[in-house]
Amino acid sequence: MLTIKNLRVAIEGKEILKGINLEIKAGEVHAIMGPNGSGKSTLGNVLAGKEEYEILDGEVIYEGQDLLDLSAEDRARMGVFLGFQYPVEIPGVPMVNFIKTSVNEMRKFKGLEPLTAGEFLKLMREKKELVHLDSQLTNRSVNEGFSGGEKKKNEIFQMAMLEPKLAILDETDSGLDIDALRIVSDGVNALKHPERSTIVITHYQRLLDYIVPDFVHVLYQGQIVKSAGKELALELEEKGYDWLKNHSL
Amino acid sequence: MEEQDKILHEVTSQEYKFGFVSDFESESIPKGLNEDVIRVISAKKNEPEFMLQFRLDAYRKWLEMPMPDWAYLKIPPIDFQDIIYYSAPKTKPQYESLDEVDPDLIETFNKLGIPLEEQKVLAGVAVDAVIDSVSVKTTFKETLAEKGIIFCSFSEAVQEHPDLIKKYLGMAVPTSDNFFAALNSAVFSDGSFCYIPKGVRCPMELSTYFRINAAGTGQFERTLIVAEDESYVSYLEGCTAPMRDENQLHAAVVEIIALDRAEVKYSTVQNWYPGNKEGKGGVYNFVTKRGICRGVSSKISWTQVETGSAITWKYPSCILMGDNSVGEFNSVAVTNNHQQADTGTKMVHIGKNTKSTIISKGISAGVSNNAYRGLVKVLPGAVNSRNFSQCDSLLLGSTCGAHTFPYIEVGNKSSVVEHEATTSKIGEDQIFYCNQRGISTEDAIGMIVNGYAKEVLNKLPMEFAVEAQKLLAISLEGSVG
Amino acid sequence: MTLTANKVALSEKYTELFHANRSLLDEGSSDLLNRMREIAIKRFEKVGIPGFKNENYKYTNLERVFGKSFRHLLEYQPVDVDLNEAFRCDVPQLDTDVVLLVNGWYYAKNQPLNNLPKGVVVGSLKQVANEQPELVKDYLNRQAGLSDDPIVALNTAFAQDGFFMYVPDQVVVEKPIQVINLMRAEEPVFATQRNLIIAGKNSQAKVIFCDHTMNPVDFLTNSVTEVFVGQDAVLDIYTIQNQNNQANSVNSSFFRQEANSNLLSSVATLHGGLIRNNLKVEMAGEHAEANLYGMSFTDKNQHVDNFTNIEHAVPNCLSNQVYKNVLDEDSVGAFTGRIHVVRDAQKTNAFQRNNNVLLTDSAKMNTKPQLIIDADDVKCSHGATIGQIDEEALFYLRARCIGEADARMMLMNAFAHEVVQNIRVEPLRDRIDELVEKRLRGELARCHACDKN
């Protein structure tokens with residue numbers, strides 16, 4: 001589904017990703033772990049098409065197409081979903097309008113008719129259930145005045161609405177209490193599908209108790225220094241990232 | 001980044017969609033202005049002597065006045081002798097039913113998307129349409145008459161209610177108020193008059209549509225609204241003009257008088273032709289709008305959505321004379337391409353416990369300049385008065401300008417005035433968030449801009465809000481070509 | 001523009017004075033001062049003394065004070081002042097090098113400052129312009145000479161002397177330089193003062209201006225100060241205005257900041273008549289930072305008008321302004337703050353706040369914050385409030401047994417302290433806090449030490 005080859009990325013002249021290689025097949029869950037500043041969020045942003053990054057080298061093939069050639073919205077329409085670490089607030093834009101526009105853009109791209117108001121509301125009710133999203137929140141402006149937990153739930157709710165093929169969840173666990181973490185994880189797990197792959201970016205092992213990965217990769221100073229099964233997460237938790245430093249040398 | 005700039009450019013270079021010329025015959029007098037022209041205008045309208053004197057008095061004052069130069073505008077020289085001061089649709093504008101109306105006119109309204117008939121009946125809006133300053137049609141007159149409400153063309157009011165006109169004309173905007181108000185007072189050809197008697201709540205929105213049509217003409221209409229004690233009215237005003245290469249002058253005056261506990265809501269969606277992408281043509285819009293809260297606990301609110309005109313010079317104001325009276329100003333002003341706007345308000349607190357609120361949202365794109373200018377003046381006697389002002393500017397692109405010029409003058413110790421202003425660009429992270437959810441950049445900009453302006457758009461009556469949102473969309477988003 | 005007959009007559013009074021005394025002005029002055037006089041007087045003539053109709057002087061009519069009759073000091077008049085006895089501000093632990101100027105002229109009996117770091121020049125502008133013109137020629141009038149303010153032009157036409165300071169590249173002047181501007185005369189006097197401060201690359205200095213009067217007569221000072229803040233330089237300019245209530249002044253300061261420089265300007269106005277402070281900052285190099293503070297405490301018929309103009313001409317600079325006024329009795333205050341971000345001055349951060357408290361119904365405050373923004377990637381804001389001290393806070397204090405008068409004082413002090421706390425010289429900060437408190441209690445006539453005679 002996704003193949004990343006020797007991806008090198010810089011921002012403002014500083015190289016952040018120094019040759020990433022990654023292969024993700026349909027239905028797999030990959031966790032990317034690493035200390036702060038290792039380039040985890042950069043990877044997510046680059047895949048989603050944020051423009052401030054400079055691609056120095058490498059390629060990203062998604063569903064047989066060069067992903068780096070596409071605009072951010074086309075990537076999204078093709079099923080690449082980024083759950084943001086810090087979802088931005090957009091004052092004055094009602095959540096409902098926003099997600100409706102989004103869903104219908106997606107459908108238009110697939111050559112489908114827009115949903116009728118009734119269908120849309122039904123879908124929204126259904127998906128809100130999934131993450132126990134407070135009904136009031138969809139009446140507010142996008143992310144405005146949402147608590148940290150509500151913002152994260154809102155991201156998973158949107159993921160449920162958009163049914164992506166590749167979901168990249170950037171630090172979805174940060175700032176969540178244990179109940180919220182469980183709700184968010186349950187939401188993600190409920191969306192598991194043989195055709196849907198997930199990249200979970202996280203600093204802590206804790207999230208991986210709930211979203212069990214098939215593979216764990218450790219990103220350190222812009223490179224994947226170790227890849228293994230889910231047991232790697234536990235090992236990291238136990239030994240800390242310092243262990244890696246020596247390991248990578 | 002470059003891509004985004006390109007899209008921003010495409011999005012912001014949307015063409016004017018209301019630029020058609022209606023082909024119905026008008027009757028004009030020759031270009032130029034002197035006392036004889038004024039006498040001709042007055043005679044054509046069969047006006048009483050006091051109206052002629054009002055006009056001549058204004059004209060003589062106008063001759064003494066310099067053109068104002070303090071606004072943040074580059075105004076090309078205007079030759080006031082090269083303008084036709086009177087242009088009226090040839091058919092006498094007195095229609096009993098729509099069948100009598102020039103079919104071109106009906107077509108005009110249809111193009112404007114103004115459903116003059118059934119839809120307005122359903123919507124319950126009474127419409128007075130003013131084309132080239134002459135009122136052509138007032139609907140719902142009878143229904144309103146039953147409640148004692150007068151809603152008619154200004155000319156008609158002069159004939160039928162001269163006492164009311166004599167009493168209130170010039171009360172809020174005296175002939176000598178400013179250069180353009182004096183000019184308007186001298187030459188105005190028509191407009192709307194609205195009178196709400198004591199204790200009456202006007203059951204429907206009253207609406208006037210203004211349109212400049214004939215070439216080489218200036219439009220000078222005059223609106224007067226009088227709300228007697230305990231009355232209420234919501235008044236809407238819409239404006240469009242055809243695309244023309246030359247600039248057209250529009251210098252209107254709106255006066256509102258609110259007596260004890262009366263409330264007047266005045267909403268405008270202004271979409272005069274802004275000129276083309278190179279800045280050629282477009283309307284020069286110099287408008288004086290002022291309301292006086294004469295009565296205790298009276299309230300006047302101005303809500304405006306300004307997307308049109310090459311030059312906008314406009315400061316809808318409230319004189320808060322009555323104790324406990326309230327003034328509001330809510331504005332969205334969009335400038336694009338070569339447009340220039342200098343707009344804002346004056347809130348003059350005279351009575352005790354008076355309150356005013358100012359919400360201004362400026363949006364600049366292209367190479368335009370958009371300025372907010374406002375005065376909040378609290379006189380020593382206006383004890384316990386309050387004002388809150390919020391003036392925000394949003395910049396789309398690095399070649400436009402956003403400017404803020406508030407004046408605050410407070411003369412007593414018990415009043416509180418607060419002013420806040422911010423300037424920001426449209427957030428790249430907001431656009432990216434929308435992109436990531438499959439929404440294109442131009443739709444994202446439209447969405448974000450409408451969200452930014454929402455606080456003001458929400459103050460508009462329903463029918464208008466929809467139109468205003470579309471207008472914002474046309475000004476800044478929409479598909480290209 | 002048509003000038004009214006009175007206005008013409010008033011302006012002519014000054015142009016005639018100029019032409020009648022041209023040779024006296026030139027005599028003994030460097031050509032650097034003389035060469036701009038003709039241009040300046042013509043510029044002044046065009047506008048004249050600004051009245052209400054002048055947008056920049058909308059809230060301060062100078063015709064009233066410039067219309068009074070004064071003796072004009074067009075040459076140095078020896079005045080006897082014992083510096084050691086009376087005029088050192090008694091700021092505990094504040095060790096400063098003191099320079100005295102009397103009626104706008106460098107005092108002839110100033111003790112030489114022998115302990116200044118090498119290359120630092122502190123002294124009389126007139127003298128330095130004559131003796132070391134190379135220090136002056138690239139700077140004098142470089143900013144003020146471009147101004148279209150008629151009062152600045154009038155200063156340039158009449159300027160002969162004032163305070164001069166030069167700090168070479170890389171030099172740090174540890175001890176603050178304290179400039180005492182003293183007005184002393186038995187009859188009404190008009191003074192013109194021209195100051196020039198040059199801080200070289202990576203230099204550091206602090207200058208404290210103290211404006212005082214010695215006699216209870218009418219004064220009018222037209223003062224212009226040009227300041228050049230070099231690359232990486234750090235410069236503090238503190239001004240304490242504490243004159244008699246018949247002393248009027250127009251003080252115009254021009255700051256030009258090079259890359260990475262850091263400027264702090266803080267003005268405290270305590271007593272005085274009509275005071276207008278013009279402050280212009282030009283951000284000429286990237287990553288420069290300017291922090292500008294002002295506070296005034298006025299009563300009786302005092303009139304204080306602060307007018308700032310920050311020109312962000314290059315990207316990546318920061319300006320921050322906080323101005324506060326407390327107005328009592330019949331006093332009038334004004335604040336105009338303009339932030340101008342020119343095209344392409346991206347990543348500018350420019351903030352401005354003006355907060356005012358009116359204590360009576362006859363006091364009046366006018367404020368006119370302005371943003372002129374021609375670049376899009378900027379963060380700019382302004383906020384202005386005019387009101388009273390927070391009644392709820394007052395109630396809270398009273399509920400904790402604090403008497404109303406004390407509670408009010410406490411809150412006003414707190415209001416002012418937000419400005420005072422930014423002073424980077426600790427003893428001076430404590431001193432101004434104390435002066436403010438005394439001022440608010442009505443106990444302050446002049447600074448203590450100046451009060452002895």
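The structure presented is a predicted model; accordingly, all values stated were derived computationally and were not measured. (Residues numbered from 1 in each chain as written. Chains lettered and ligands numbered in written order. Predicted model: local features only at pLDDT ≥ 70, side-chain atom pairs only at ≥ 80, totals over all residues. Heavy atoms only, no water.)

Draft legend 1. Broad picture of the overall build of chain C. Per the secondary structure count, chain C includes 12 helices and 20 strands. The globule rule puts the C-alpha radius of gyration for 453 residues at 22 Å, and the 21 Å found for chain C is close to it. Each of the three principal axes of chain C carries a C-alpha extent, and together these read 70 × 55 × 50 Å. Within chain C, the proportion of its 453 residues that are buried is 63%. Here chain C has roughly 17,300 Å² of accessible surface; of this, 47% comes from carbon and sulfur atoms. Mean positive and mean negative side-chain charge positions of chain C (47 and 59 charges, respectively) differ by 2 Å. (Helix = DSSP H or I, 4+ residues; strand = E, 2+ residues; numbered from the N terminus. Rg over C-alpha atoms; globule rule 2.2 N^0.38 Å. Buried < 20%, exposed > 50% of the residue type's maximum accessible area, 1.4 Å probe, protein only. Areas by Shrake-Rupley, 256 points an atom, 1.4 Å probe, with all protein chains shown as cover. Lys, Arg positive; Asp, Glu negative; His and termini not counted. Charge placed at Lys NZ, Arg CZ, Asp CG, Glu CD.)

Draft legend 2. Expanded view of the sheet that holds strand S5 (residues 65-66) of chain A. All names here are of chain A. The antiparallel open sheet is built from four strands, whose spatial order is S2-S1-S4-S5. Either end of the sheet is taken by a strand with one partner, and the two such strands are strand S2 (14-24) and S5. Relative to strand S4 (residues 54-62), strand S1 (residues 2-11) runs antiparallel, the two sharing seven bridges. Bridge pairing links Ala 10 to Glu 54 in S4. In the packing of helix H1 (residues 40-48) onto the sheet, contacts are made with S1, S2 and S4, and the angle to S1 comes to roughly 110 degrees. (Pairing = 2+ DSSP bridges. Contact = heavy atoms within 4.5 Å. Axes fitted to C-alpha atoms, helices over the stretch in contact; angles between N-to-C directions.)

Draft legend 3. Representation of the pattern of salt bridges in the model. Throughout the structure, instances matching the rule amount to 51 salt bridges over all chains. Across the pair Arg431(C) and Glu434(C) runs a salt bridge, and its minimum N-O distance is 3.7 Å. Highlighted residues: Arg431(C) and Glu434(C), both in helix H12 (residues 426-441), separated by three residues, approximately one helical turn. The structure contains a network of salt bridges with shared partners spanning Asp74(A), Arg77(A), Glu105(A) and Lys108(A). (Salt bridge = Lys/Arg side-chain N within 4 Å of Asp/Glu carboxyl O.)

Draft legend 4. The sheet that holds strand S10 (residues 197-202) of chain A, seen in detail. All names here are of chain A. Taken in spatial order, the six strands line up as S6-S9-S10-S3-S11-S12 in an open sheet, and their pairing is mixed. The open sheet has two edge strands with one neighbour each: strand S6 (80-83) and strand S12 (223-228). Each strand axis lies, on average, 20 degrees off the axis of its neighbour in the sheet, ignoring direction. Bridge count for strand S11 (residues 215-220) against S12 is five bridges, and the pairing is antiparallel.

Draft legend 5. H12(C), seen in detail. Residue and element names in this part refer to chain C. If you check H12, its first and last C-alpha atoms are 23 Å apart, about what 16 residues at 1.5 Å a residue would give, namely 22 Å. Listed in full, the buried residues belonging to H12 are Pro 427, Leu 428, Arg 431, Ile 432, Asp 433, Leu 435, Val 436, Arg 439 and Leu 440. Tucked into the core, H12 has its buried residues touching strand S8 (204-213), strand S10 (234-242), strand S12 (262-271), strand S14 (289-298), strand S16 (318-327) and helix H11 (404-420). (Expected span 1.5 Å × (residues − 1).)

Draft legend 6. Structural view of the interface of chain B and chain A. Facing 20 residues of chain B, the contacting portion of chain A comprises 32 residues. Of the roughly 2,100 Å² buried between chain B and chain A on both sides combined, carbon and sulfur atoms contribute 61%. In terms of surface lost to chain A, no three residues of chain B exceed Phe432(B), Tyr433(B) and Arg437(B), which account for 35% of the buried area on that side. At the surface where chain B touches chain A, the tally comes to one salt bridge. (Buried area = accessible area lost by both parts, 1.4 Å probe.)

Draft legend 7. Representation of the packing of helix H10 (residues 391-399) of chain C against H11(C) within the structure. All names here are of chain C. Two numbers describe how H10 lies on H11: the axes approach to 9 Å, and their chain directions differ by 130 degrees. Taken together, the axes of H10 and H11 are oblique relative to one another. Here the hand of the crossing between H10 and H11 comes out right-handed. Taken together, the residues of H11 that come into contact with H10 (itself represented by Glu 391, Ala 393, Leu 394, Leu 397 and Arg 398) are Glu 404, Ala 407, Arg 408, Met 410 and Leu 411. Looking at side-chain class alone, the contact of H10 with H11 contains six nonpolar, no polar and four charged residues. (Parallel < 35°, antiparallel > 145°, perpendicular 65-115°, else oblique. Left-handed = near helix turned anticlockwise from the far one by under 90°. Nonpolar A, V, L, I, M, F, W, Y, C, P; charged D, E, K, R; others polar.)

Draft legend 8. Structural view of the confidence of the model for chain C. All names here are of chain C. Model confidence for chain C is summarised by a mean pLDDT of 90, while 94% of its residues fall at 70 or above. Per-element confidence in chain C ranges from a low mean pLDDT of 55 for helix H6 (residues 83-86) to a high of 98 for strand S5 (residues 163-167). Confidence over residues 447-453 falls short of pLDDT 50; this stretch has 17 contacts with residues more than four positions distant or in other chains. For this predicted complex, the interface score ipTM comes out at 0.83, while the overall pTM is 0.82. (pLDDT = per-residue confidence, 0-100.)

Draft legend 9. Structural detail: the packing of aromatic side chains. Residues and elements named next belong to chain B. Going through the model one piece at a time under the given rule, you end up with 30 aromatic pairs over all chains. Judged by centre distance (4.0 Å) and plane angle (10 degrees), the ring pair of Phe 180 and Phe 286 falls under stacked. Of this pair, Phe 180 sits in helix H9 (residues 179-187) while Phe 286 sits in strand S13 (residues 282-293), and the two are 106 residues apart along the sequence. For the residue pair Phe 180 and Phe 286, the accessibility class agrees, reading buried in each case. An aromatic cluster is present here, built from Tyr 59, Trp 62, Trp 70, Phe 80, Phe 179, Phe 180, Tyr 284, Phe 286, Trp 313 and Tyr 315 joined pairwise through their rings. Stacked on the ring of Tyr 452, the Lys or Arg Lys 361 has its end atom at 5.0 Å from the ring centre. (Phe/Tyr/Trp six-rings, centres within 6.5 Å; stacked < 30°, edge-to-face > 60°. Lys NZ or Arg CZ within 6 Å of the ring centre and 35° of its normal.)

Draft legend 10. Geometry of the interface of chain B and chain C. Chain B puts 34 residues into the contact, and the matching count from chain C is 35 residues. In this assembly, chain B packs against chain C so that about 2,700 Å² is buried in total across both faces, 47% of it on carbon and sulfur atoms. Looking at the side of chain B facing chain C, the largest losses of area belong to Tyr407(B), Ile408(B) and Lys413(B), adding up to 21% of the total buried there. For the pair chain B and chain C, the interface holds zero salt bridges. Within the residue set of the side of chain B that touches chain C, elements represented by two or more residues are strand S22 (401-410) and strand S23 (416-425) of chain B. Residues that form the side of chain B that touches chain C fall into these classes: 14 nonpolar, 15 polar and five charged. Across six bridges, the pairing between S22(B) and strand S19 (residues 364-373) of chain C is antiparallel.

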